[in-house]
Amino acid sequence: MPTKFIQLTDNHLSGVHGFFYENFCKAAQAINARQPDLVINTGDVSVAGVDRREDLEFARACHDLIDAPIHFLPGNHDMGEIPDDSKKGPPVTKERLDRFKELFPADRWTIEIENWLLIGLNSQLINTNLEEEGEQLEWLTELLATAEKQVGIFIHRPLWLVNPRTREPIEFSDPPSWRDQLIMLMKAHPPRFMATGHLHSYRTLEVEPMLYHFCPSTAYRSNLQIDGWDARLGFMEYVFDGDDYVASPVFPTELEQHDLVQVKGGNRKMKLKHVPASPPVLTAT
Ligand SMILES: [Fe+2]
Ligand SMILES: [Fe+2]
């Protein structure tokens, strides 16, 4: 019997800045209509969960609109920026990690279904030197070394943007140190796929021996202009059947295609959390 999962990501919800709340409600309806067995959220559920606990609480409550059970992973908006990227905002701290774990069931996890082992990783621990970073790496090493099933990995930040062998600016992808470490681990025990968020764009790419799925956001479109990327808003659907799986993007036409610069009143440099408050009109939470 095939198992259906939905991956959604980058919802950027907040009770103060409600620009993307309506889209989330519509996405939740579209997800429920597909009757998935499970939903995975790969992070950036909030606008500013790093500073505002209430944003995380609000985002968590919004997910009650989804009928299926949900597994969450933190994004940079929820838990802070990794040290390599700390110019972009408040850094990851133990306090921010603990807050996420207090409000969401876990920051990393495994799911076993039939012939598959799915692993959810916390990308925000990378290079933090927190105890939990080492624990996660040990845990992952052990999981990959002993896995007897097909493996799929879910994580917020992608390992790379265009090609794992290039050295890209880390604002789009993971730092090379972590990337190299993970690629080494995966070489010995290759997963079938890696599924990420963070880029607010869809693409599926094959880089032997794996497929990389980049999940679209439900909140706002990416301004990245790269051939082959689709910035329409939506989510991913995965159907697992035996040793096979099919991953497809879903772009519900009812989602409003928000442009971030427009939302910020044309001020490209302004942080979303500093835009004048615009609370959501609550319809269902
Ligand atoms: Fe995001
Ligand atoms: Fe992100």
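One structure accompanies this document, and this report is about it. What you see is a predicted model, and the numbers here were worked out from it, not measured in a lab. (Residues numbered from 1 in each chain as written. Chains lettered and ligands numbered in written order. Predicted model: local features only at pLDDT ≥ 70, side-chain atom pairs only at ≥ 80, totals over all residues.)

Focus on the overall build of the protein chain
For step 1, the next point in the chain: Assigned secondary structure in the protein chain consists of seven helices and 13 strands.
For step 2, the next point in the chain: The C-alpha radius of gyration of the protein chain comes to 18 Å, within 12% of the 19 Å expected for a compact globule of 285 residues.
For step 3, the next point in the chain: Its C-alpha atoms give the protein chain principal-axis dimensions of about 50 × 40 × 40 Å.
For step 4, the next point in the chain: When the 285 residues of the protein chain are sorted by exposure, 41% land in the buried category.
For step 5, the next point in the chain: In the protein chain, 69% of the contacts between residues at least 6 apart in sequence involve partners at least 24 apart. (Helix = DSSP H or I, 4+ residues; strand = E, 2+ residues; numbered from the N terminus. Rg over C-alpha atoms; globule rule 2.2 N^0.38 Å. Buried ≥ 20, exposed ≤ 12 C-beta atoms within 10 Å, placed from the backbone. Contact = placed C-beta atoms within 7 Å.)

A few points about the sheet that holds strand β5 (residues 116-120)
For step 1, the next point in the chain: One open sheet accounts for six strands, arranged β4-β5-β6-β7-β9-β8; its pairing is mixed. Two strands in the sheet have a free side with no partner beyond their single neighbour: β4 (109-113) and β8 (203-207). Shown here is a sheet whose adjacent strand axes are inclined to one another by a mean of 15°, direction ignored.
For step 2, the next point in the chain: Where β4 and β5 come together, five bridges link them in antiparallel fashion. Residue pairing for β5: I113 is matched across the bridge by W116. (Pairing = 2+ DSSP bridges. Axes fitted to C-alpha atoms, helices over the stretch in contact; angles between N-to-C directions.)

Some thoughts on the pairing of strand β9 (residues 210-214)
For step 1, the next point in the chain: By the bridge criterion, four bridges tie strand β7 (residues 193-196) to β9 in an arrangement that is parallel. Within β9, the residue paired with F193 across the bridge is L211.
For step 2, the next point in the chain: Of the pairings in the sheet, the one linking β8 to β9 comprises five bridges and is antiparallel in character. Pairing of R203 across the sheet is with F214, part of β9.
For step 3, the next point in the chain: Counting the residues that bridge the hairpin from β8 to β9 gives two residues.

Don't take any of this as a statement about function, it's just geometry.
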